[in-house]
Amino acid sequence: MAEDGHVADGAVPLPVPVCPPRDSRSSAGMDLATLPKEVRDQLAELELELSEGDITQKGYEKKRGKLLAPYIIQNEVPPLQSGGGAAPTPSSSGSSTSHHRHSHCPRRSGGTRDERYRSDVHTEAVQAALAQHKEEKLALPMPTKRRSTYIQSPTDTHTPPDSSSSSDDDESSGAGLQSPDSWLDSGPQGSTSSSSSSSSSSASHSDHRSPHAPQTHMHTHTHSPAPHPHTPLPPHSHSQPVALAEAFAHAQIEVGGACPGQPLLQRGSRVDRPTNTHRGLSRGQSRGSMMETADGVPVSSRVSTKIQQLLNTLKRPKRPPLSDFFTDDQQEIVEVPRPDPNTPRPEGRQVIPVKGEPLGVVSNWPPSLQAALARWGATQGKSPALTALDITGKPLYTLTYGKLWSRSLKLAYTLLNKLGAKNEQVLKAGDRVALVYPNSDPGMFWVAFYGCLLAELIPVPIEVPLSKKDVGSGQVGFQLGSCGVCFALTSETCLKGLPKTPTGEILQFKGWPRLKWVVTDSKYLTKPSKDWQPHIPTANTDPAYIEYKVSKEGTVMGVAVSKVGMVTHCQALTQACNYTEGETMVNVLDFKKDMGLWHGVLTSVMNRIHTVSVPYAVMKACPLSWVQRVHIHKARVAVVKCRDLHWAMMSHREQRDVSLASLRMLIVADGANPWSVSSCDAFLNLFQAYGLKPEVICPCASSAEAMTVAIRRPGVPGTPLPARAVLSLGGLSHGVIRVNTEDKNSALTVQDVGHVMPGALMCIVKPDGPPMLCKTDEIGELVVNSRAGGTMYYGLPGLTKNTFEVIPVNASGAPIGEIPFVRSGLLGFVGPGSLIFVVGKAEGLLIVSGRRHNADDLIATALAVEPIKTVYRGRIAVFSVTVFYDERIVIVAEQRPDASEEDSFQWMSRVLQAIDSIHLVGLYCLALVPANTLPKTPLGGIHLSESKQLFLDGALHPCNILMCPHSSVTNLPKPRQKQPVGVGPASIMLGNLVAGKRIAHAAGRDLGIIEDQDLVRKLCMWPTVMHQFLTEALQQRAQTDPDHVLYVLLNSKGTAVCTATCMQLHKRAEKIAAALMERSGINTGENVILLYPPGIDLIAAFYGCLYSGCIPVTVRPPHPQNLTATLPTVRMIIDVSKAACILTTQFYVKILRSKDASASVNIKTWPIIIDTDDLPRKRPAYVYKPPSADMVAYLDFSVSTTGMLTGVKMSHAAVSALCRSIKLQCELYSSRQIAICLDPYCGLGFVLWCLASVYSGHQSILIPPAELELSLGVWLSVLTQYRIRDTFCSYSVMELCTKGLGGQTDALKARGVNLSCVRSCVVVAEERPRLSLTHSFSKLFKDLGLSPRAVSTTFGSRVNIAICLQGTTGPDPSTAYVDMKSLRHDRVRLVERGAPQSLPLVESGTILPGVRVVIVNPETRGPVGDSHLGEIWVNSPHTATGYYTIYDEENLQADHFNVHLSFGDPHTLWSRTGYLGFVKRTELTDSSGGRHDALFVVGSLDETLELRGLRYHPIDIETSVSRAHRSIAESAVFTWTNLLVVVSELCGSEQDALDLVPLVTSVVLEEHHLIVGVVVVVDPGVIPINSRGEKQRMHLRDSFLADQLDPIYVAYNM
């Protein structure tokens, strides 16, 4: 430390609180030291079994409880107050400490926190943060999960993951290892508070009971040590211990129980099911009123309760957003950040570069490492260089310096002279060679490394590839490629273990260059000839070796270290660590790179040190092995990571024979990790009794690029230890250093990593942007100038420049000198006395809303949340993903197999709360995956970039997930406030005219009577007076052309099962008319239900009704296998239409009267039922002729997508006009054939099936859609067989063919299917054209000759069933690209194809003859301009005459039919379709020679979702959702109390279910700026669709709220 008042150059004059080191051990619960020795031994044995995964947590607790049972009662201690109350007085604390000093016997218990990641201050903070939440009694709804979904990975996962317990790169630590209470309770050197001791035995002994259970037999028992008399207490020292169990007992999460609902019908049985309403909903009124009552669903149902919980959660006040809202303009989303005036800013002066001590020139330092090896090989040949251990931790062999020298020499000679044929030299100096050796074989690696140095080859050490799919192996291939490696050296054993092809060759790994493998075992090496000597050059700037480095993105790059850099680094380490010749060192680290290579392979040889290498496999089998090696070899130095300290403490038994007194230096390689401080403290507390001196612990900071950046020098015994810095996490998030004073919950205690290396110069520069020098109180990246460091990323010059050739600049942007610095990737600052403090790594930095958070800090907070029986410590990944213009934090952890669903969910909820309180940042997603499933690095750590990629690809397969978009997304655009329309319709119209815009209207061609008599005869076959009634047309045809076949009905084999000529149809109709007329109780003008399968019976029954003067109502018959779902709809239509009679077949008569039917409806109240199968041949007395064509011909009932059952009245005049309009548009006459594959019950489908042929005389080939499900190819085969030019189908049919026949086009071609005859294939629909489906269909069947121009769509609505139909004469349908953002604002903005956020819309076919449309503002009812969005209004002779309802709701009738424009053309009567759309005048010409007006349908007004003041069309959100993951077959969205609910059908395996949740949430947020409230994953076929293939979203909503979906998973987003 610098003297008081004096600050060294470049240091920060900071009031860093100086916290004295502590050695006392406070105890919690029972003092195990008082137990008999055999009991303590048995407990220790148990601990080890648990830590190694040989016993489950439950088994452990059971056995431990048994062992302790006899001693618990006597040792009971009164509990400590946990509420308010004064802090313990110094005297009382003092006494408690003295009481403790007698037992130096360290205890271990089941306390389960990871000390490595925890400073006591931090755990205390987490508890305090969670205690704040207990007041709120927060009730988060727990996700609903079908039991089978929780698929654990294969059976091996029921033991703790094999390498969960470790990590090389990821600072992770033992999974399932229990931490001893003796260090669990002791504060670190940085804190004099010990409130964290509350983890105590109450947490550990009663882990298996619910947190509610009263904890009777064990109590929290804490002691505070006496503060040091001369040390000012840090601000958080007065905190009271809080019993964690109590804190959590209040923060209980309320959970709803799960009960499976009954499954919904399969999609095969297409059902139109209305909700409990049967009338049109007025366009003006919103759905809001209906939604609140859930259409009769009891709001107390389970799902609703959960949604209520979710809403309550979301109502809690959010913290103020970090930046102001966006304004969602139609152009762009522009963020307007408003700087917070309270943001801390750096205030210090500019940092001055810090200089290390000069690198001393020592006379006997060798000029290079090869020279050093040559010297020791010759003069100290018997001296041990390396001891390797076997798997049990016993010495396997010792390599002497003599052996090392001779073998390296042999290898160098062999590599240079013996690899090619006839002594040709294959490798030459400077070539790069890969070194592939396992971690357990350091000897072979040493020989290979020094052999390469002696041969002047450049060694490139890499990990051993374990399998073809090894994570990151492609990236290793990238490194080998960029380094130009062609040869790989390995050992014989390793070569045998490499994956092979069936022929026995080494597998070609993904992304790797072709390699020649060279085995370097001694028996294959050649002794060099007498005259051969290696060339040992003096150190220069050529590369000596290449070390691999994995970047944040997972790219593996090679850092080249020059010969001079290598030797200078060894010299600097020798000077800093004070190495002397002949010392012994224990190295636990990976010897292929980093500190393990620098200390254990290079510097050790330079100083003739004896290295004992402890491989990872030995550490896993015997975690204490390194401590034993230090003891046995009296080692002076040990190189370890925090993980190794942690493991040693875990497996530490009462080994009296272990002594660490010989250590003069314990180098902690990851001491730069902010949380290493607690591991070092805990290790010291435990092992001080075994001779470990406090001053030997030397944390250091390093990176692959800058190598060793700083290291704490070994201290002089008795001198005070360096200070700790207690920093504010809030300040750190803004990149400034602030001593934590006010809020102890968000404090970070960091230890120094010593001073700058000898001969080096260090600056602190801003981590992003130009390398500007930081101020003294600012966090920045450490950049180093030294000869000892990397020189470049080999083969990557672009990246090299930004990292290795950085010239810092001052505040004005001027460079501070000529010399280049290397970026270390470490973030930190220079403290008092030029001590270096590191607070994180640049790659672990998560920048959310402009604030920085460190991944390690978040892991630490997560691990400080108890109970940790839920997840494996050390198996937690934290990364950020970009969603909606900002980074979002994701935490993924491995869940223990024995963790219960509820435990996991509670742990997740608490982690959320803790991170929210301490780091003031919202988590976006928290996922738990089954044990052992996160991708691993070669030494067992988590492969972060690979894990992130799996998350983004939806391949992580979590078993639990919690999304929190509501709390973490604070930058959504402001909700739109609807402005009152201040401008009247007249002004709008005038404005359009002034702007040169025409009013948006369009019309089909004229439906006039044709003058030319010859043409009439040719087309119509009857005189020019068009028949007003279809009955007359049928009678006329039966007389003039009796044998002309009008209808052919086909089955699934394509064979005709029934035909009807004009005469046959006439006769069958007469038979039915006679039956109706004879039955008493059926009068003229009464409604008759036609209950028939699709076929000719239905057509005959229809004309029979017209002949008798009854009004037919066609109804889809109930599904025999699903009467409960389908029969009530039939019943409802019968009741609503007040039908007098049902005409049906014998089969359905039986069904209507069956016992099964009585279960769902009252079968006693059916009207008269007439079986038309075997009627007597009778003619009616007369054929009824209506007195006026305006009388009703038939009723058309249909269930809309919003679940409304609506019936409309079609008059004889409308029927006649519609048939004529279709005849003209499609050029239909008696010699034509058309194929129809549609449901014939309503809309245009019914007209084409039953009416058009009788009117126009063409032949209709009928294919019931149900036959398609039996034989998919039947429709396409029929088109070929009959050479059909025009065919009509539904979207369901098209989808069936696309999905079912997509891969069979070759087979169809072989069967002779040829669609080149098809001129028009028309999809009959009442919705926006499904462009992607029609495109896929055209593309798939193009090979079968289908013309891409053939496919088109129709458009109709309830008020007018046919408005557009692409006929034979009009221009091809045009496509327009509309900006989706403007559509939400009820505007149309046309953009170019491919523009971001563009939505392709295709014209819905040409407007039919006689039809006029106008686009109207639905609020002002005034016409709008061309290309403006509005409601489509229609006027035509075939518009329906009105709704048919029970109540005769005149207001609805008046609102939808016979409406006047408020301005412009006040006389025409229009009907409102209820659809939004626009008219756009195109450059094409129509049949009359004028410019063609295209009508684009956007969507139904009833279906739109009003969210955040904007109007969304469900189909747009569903399209985005379906694209989110390959396993989403279909999706549907609806709203419930302002929450957006997304239902997705899963077509993959159930383990994909939870992958969908984050992807669906992100895609909707990204593309639609909406937060999804609930994600429901269901089986395929659950989303109900109607006969036209349209989703019935309201019906789905009702099923969801009534909990009838049997979902696989329901996620409630927070």
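Computed from a prediction, not measured in an experiment: that's the story for all the values here. (Residues numbered from 1 in each chain as written. Predicted model: local features only at pLDDT ≥ 70, side-chain atom pairs only at ≥ 80, totals over all residues. Heavy atoms only, no water.)

Visitor: Looking at this structure, how should I read the pairing of strand 18 (residues 707-711)?
Guide: Working note: regular strand, side chains alternate between the two faces of the sheet. Within strand 18, 5 of the 5 residues are buried, leaving the element largely enclosed by the surrounding structure. Strand direction decides the pairing type here: strand 17 (residues 697-703) and strand 18, joined by 4 bridges, are antiparallel. By the bridge assignment for strand 18, S703 is matched with M707. In this structure, the hairpin formed by strand 17 and strand 18 is closed by a connection of 3 residues. Both strand 18 and strand 21 (residues 755-756) contribute to a ladder of 2 bridges, which runs antiparallel. Paired with I711 across the strands is H755, a residue of strand 21. (Buried < 20%, exposed > 50% of the residue type's maximum accessible area, 1.4 Å probe, protein only. Helix = DSSP H or I, 4+ residues; strand = E, 2+ residues; numbered from the N terminus. Pairing = 2+ DSSP bridges.)

Visitor: I would appreciate a short explanation of the packing of helix 19 (residues 642-650) against helix 20 (residues 676-687) in the present structure.
Guide: Think of two packed helices as two axes; the pair is described by the angle between the axes and how far apart they sit. Axis separation between helix 19 and helix 20 bottoms out at 9 Å; the angle between their running directions is 35°. The interaxial crossing formed by helix 19 with helix 20 has left-handed handedness. Seen from helix 19, the contacting residues are C642, L645, A648 and M649; seen from helix 20, they are S676, S679, C680, A682, F683, L686 and F687. Its residues placed into classes, the contact of helix 19 with helix 20 shows 9 nonpolar, 2 polar and no charged. (Axes fitted to C-alpha atoms, helices over the stretch in contact; angles between N-to-C directions. Left-handed = near helix turned anticlockwise from the far one by under 90°. Contact = heavy atoms within 4.5 Å. Nonpolar A, V, L, I, M, F, W, Y, C, P; charged D, E, K, R; others polar.)

Visitor: So what exactly am I meant to see when it comes to empty space enclosed by the protein here?
Guide: Where empty space is left in the structure can be found by rolling a water-sized probe over the atoms. Evaluated as defined, the whole model comprises 18 cavities of 30 Å³ or more. Here the second largest cavity defines a volume of roughly 150 Å³. The wall of the second largest cavity is formed by 17 residues, among which C1242, L1244, G1245, V1324 and R1588 lie closest to the centre. Mapped onto the lining of the second largest cavity, the elements with two or more residues apiece are helix 36 (1243-1256) and strand 46 (1351-1355). With 3 residues, helix 36 is the single largest residue contributor to the lining of the second largest cavity. The residue inventory of the lining of the second largest cavity, partitioned by class, reads 8 nonpolar, 6 polar and 3 charged. (1 Å grid on protein atoms, 1.4 Å probe; cavity = no way out; pocket = protein on both sides within 12 Å on 5 of 7 lines; lining within 4 Å. Points joined across faces, edges and corners; volume = space filled by probe spheres on them.)

Visitor: Any chance you could explain the packing of helix 31 (residues 1096-1108) against helix 36 here in plain terms?
Guide: As a packed pair, helix 31 and helix 36 sit with axes 11 Å apart at the nearest point and diverge in direction by 65°. Crossing hand, helix 31 versus helix 36: right-handed. Judged by residue contacts, L1098, I1099, F1102 and Y1103 of helix 31 engage F1246, W1249, C1250, L1251 and V1254 from helix 36. Grouping the constituent residues of the contact of helix 31 with helix 36 by class yields 9 nonpolar, no polar and no charged.

Visitor: Explain the sheet that holds strand 35 (residues 1056-1061) to me, please; I cannot follow it from the model alone.
Guide: Backbone hydrogen bonds are what pair the strands of a sheet, in a parallel or an antiparallel way. Ordered by their spatial adjacency, 8 strands build an open sheet running 35-34-43-42-44-45-46-47, and the pairing between neighbours is mixed. The open sheet terminates on both sides in strands that have one partner only, identified here as strand 35 and strand 47 (1364-1365). Alignment of strand 42 (residues 1233-1237) against strand 44 (residues 1286-1289), held across 4 bridges, turns out to be parallel. Its bridge partner being in strand 44, I1236 is matched across the sheet by F1288.

Visitor: Looking at this structure, how should I read the pattern of salt bridges?
Guide: In a structure, side chains of opposite charge can pair up when their charged atoms sit close to one another. Under the definition given, this model contains 50 salt bridges. A salt bridge links D1379 to R1389; the shortest N-O distance between them is 3.1 Å. Linking D1379 in strand 48 (residues 1375-1379) with R1389 in the loop between helix 42 (1380-1384) and strand 49 (1398-1402), this pair joins segments that are 10 residues apart in sequence. In this structure R1389 comes out as partly exposed when scored by relative accessible area, which is 25%. The structure contains a network of salt bridges with shared partners spanning E1503, E1518, E1530, K1591 and R1593. (Salt bridge = Lys/Arg side-chain N within 4 Å of Asp/Glu carboxyl O.)

Visitor: Whenever I open this one, the environment of A1060 confuses me. Can you help?
Guide: Along the chain, A1060 falls in strand 35. Note on A1060: relative accessible area 1%, which makes it buried. Measuring from C-alpha to C-alpha, the distance between A1060 and I1099 comes to 9.8 Å, with 39 residues separating the pair along the chain. The contact partners of A1060, leaving out residues within four places of it in the chain, are H1044, V1045, L1046, Y1047 and I1096.

Visitor: Sorry, what's going on with the packing of aromatic side chains here?
Guide: Aromatic rings considered in pairs are described by the distance between their centres and by the relative angle of their planes. By the definition in use, this model includes 26 aromatic pairs. The interplanar angle of 75° and the centroid separation of 5.9 Å between the aromatic rings of F449 and Y450 together place this pair among those described as edge-to-face. Ring centres of F1478 and F1496 lie 5.1 Å apart, and the angle between their planes is 15°; on these two criteria the pair is classed as stacked. In this pair, F1478 sits in strand 53 (residues 1471-1485) while F1496 sits in strand 54 (residues 1491-1500), placing the two residues 18 residues apart along the sequence. Accessibility expressed as a relative area gives 0% for F1478, which makes it buried. Residue classification places F1496 among the buried residues on the basis of a relative accessible area of 0%. Each residue in the set Y437, F445, F449, Y450, Y545 and F591 is aromatic and connected to the rest through ring pairs, giving one cluster. A cation over a ring is seen here: R375 above W376, with NZ or CZ 5.0 Å from the ring centre. Of note, K592 hangs over the ring of F591, and the distance from its end group to the ring centre comes to 5.2 Å. (Phe/Tyr/Trp six-rings, centres within 6.5 Å; stacked < 30°, edge-to-face > 60°. Lys NZ or Arg CZ within 6 Å of the ring centre and 35° of its normal.)

Visitor: What exactly am I supposed to notice about the pairing of strand 50 (residues 1412-1416) here?
Guide: Here strand 50 lies mainly inside the structure; 4 of its 5 residues are buried. Pairing between strand 33 (residues 1001-1003) and strand 50: 3 bridges, direction antiparallel. Bridging from a neighbouring strand, A1003 pairs with R1412 of strand 50. Alignment of strand 50 against strand 51 (residues 1430-1435), held across 5 bridges, turns out to be antiparallel. Bridge pairing links V1413 to V1434 in strand 51.

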